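# Working through the structure, step by step
These are the residues of each chain, in order.
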Amino acid sequence: MRRLAAGILVLASLALTACSNDDHAQVGPASSPTSPTATQPVPPTQPSPTQTPTARPVTPLPTAICTPGRFTLAQTEGPYFKAGAPLRTSLIEPGVNGTRLIVTGYVMSRDCRPVADARMEFWHTDAQGNYDNTGYRLRGHLFTDATGLYRLETIVPGLYPGRTRHIHVKVLPPTGPGLTTQTYFPNESGNANDGIFNAGLMMSVQETGDGRVARFDFVVNAS
Ligand code: FE
C-alpha cells in the first residue's frame, strides 16, 4: 500500500509538472483560429465499454493541458522500426534487464480532445544500446483508453553511437494521419550532441522507489 500511495503521488506530481510546461510537446502550424495560449483540460476519466483490456491503466492521470492547434513534432522513424510488434502494455519479459520505466500520458487531437483507441507503437534499445532486429524484444503496441490515456511498462533504454537516449513512438489515431516521433530524457549529457534531439520532445521523468515514471502527452492530427 505504501508503494502504491507513493506511485499515485509521483503521477500527480508529473501531471503538475506537465501542466506548468506548456511548450514540452508541441511545434507546428497553428491552423486553428483558437488562441495559442488557451488551454483546455482533458475530460475526467470514464470507463469505456470498448476499451482494449491491455490498455487499461493502473492509475488514471490527473488533467492534462493542451494548446489547441499545436501538434507534437514529428521526427524520423530511423532504420530500426519493425512492423508486427505484439499487442502488450509491458515490454518487460524474461531476459530484459534494466531500470524499470513507466511511460504514460495522453493522446489528444489538435483541439485538445482525447483520442481514444489510438494505436501506439513503441520500440527502443535494451539497456546496452542494442535493438532486437530479429525478434520483437522491447517492441510492442497498445491502444489508448476512452480518455486518451496510455501507459507502457518497459526499461530505460541504453545508448548507441551517435544518439542520445530516446524512445521511438508511432501514434496512429483511428482517423487522421499518424505521427512518428521520438521522446527524450532530461539531464542526459548526450542531448546537446545529438542532431535529432529536440527539447520539445523531452519527457518529464521522476525517480520512484521502483524505477522511473515518465510523462509525455501527444497531440496528433485526428478528427
Ligand atoms: Fe533509435
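Look up a bit, the structure's there.
Below, the structure is looked at part by part. None of the values given here were measured: they were computed from a predicted structure.

## Brief notes about the pattern of salt bridges
Summed over the entire model, instances satisfying the criterion amount to ten salt bridges. One connected set of salt bridges, linked through shared partners, spans Arg 100, Glu 153 and Asp 210.

## Things to note about the coordination of the iron ion
Taken together, Tyr 131 (OH), Tyr 160 (OH), His 166 (NE2) and His 168 (NE2) make up the protein donors of the iron ion, found 1.9 to 2.1 Å from the metal. Coordination geometry of the iron ion: the four donor atoms subtend angles of 92 to 155 degrees at the metal centre, consistent with an arrangement described as irregular. All donors to the iron ion come from one chain, and their sequence spacing reads Y-x28-Y-x5-H-x1-H. As far as the burial class goes, His 166 and His 168 line up, both buried.

## Regarding the sheet that holds strand S3 (residues 139-143)
The sheet built from four strands is open, its strands ordered S3-S2-S5-S6 with antiparallel pairing. Strands with a single pairing partner mark the edges of an open sheet, and in this sheet they are S3 and strand S6 (179-184). When the angles between neighbouring strand axes are averaged without regard to direction, this sheet yields 25 degrees. With six bridges joining them, strand S5 (residues 166-172) and S6 adopt antiparallel strand pairing. Directly across from Lys 170, in S6, lies its bridge partner Thr 180.

Calculation notes
Residues numbered from 1 in each chain as written. Predicted model: local features only at pLDDT ≥ 70, side-chain atom pairs only at ≥ 80, totals over all residues. Heavy atoms only, no water. Salt bridge = Lys/Arg side-chain N within 4 Å of Asp/Glu carboxyl O. Donors = N, O, S within 2.8 Å, 3.2 Å for Na, K, Ca; no water. Tetrahedral: all angles 85-135°; square planar, octahedral: opposite > 155°, others 65-115°. Buried < 20%, exposed > 50% of the residue type's maximum accessible area, 1.4 Å probe, protein only. Pairing = 2+ DSSP bridges. Helix = DSSP H or I, 4+ residues; strand = E, 2+ residues; numbered from the N terminus. Axes fitted to C-alpha atoms, helices over the stretch in contact; angles between N-to-C directions.

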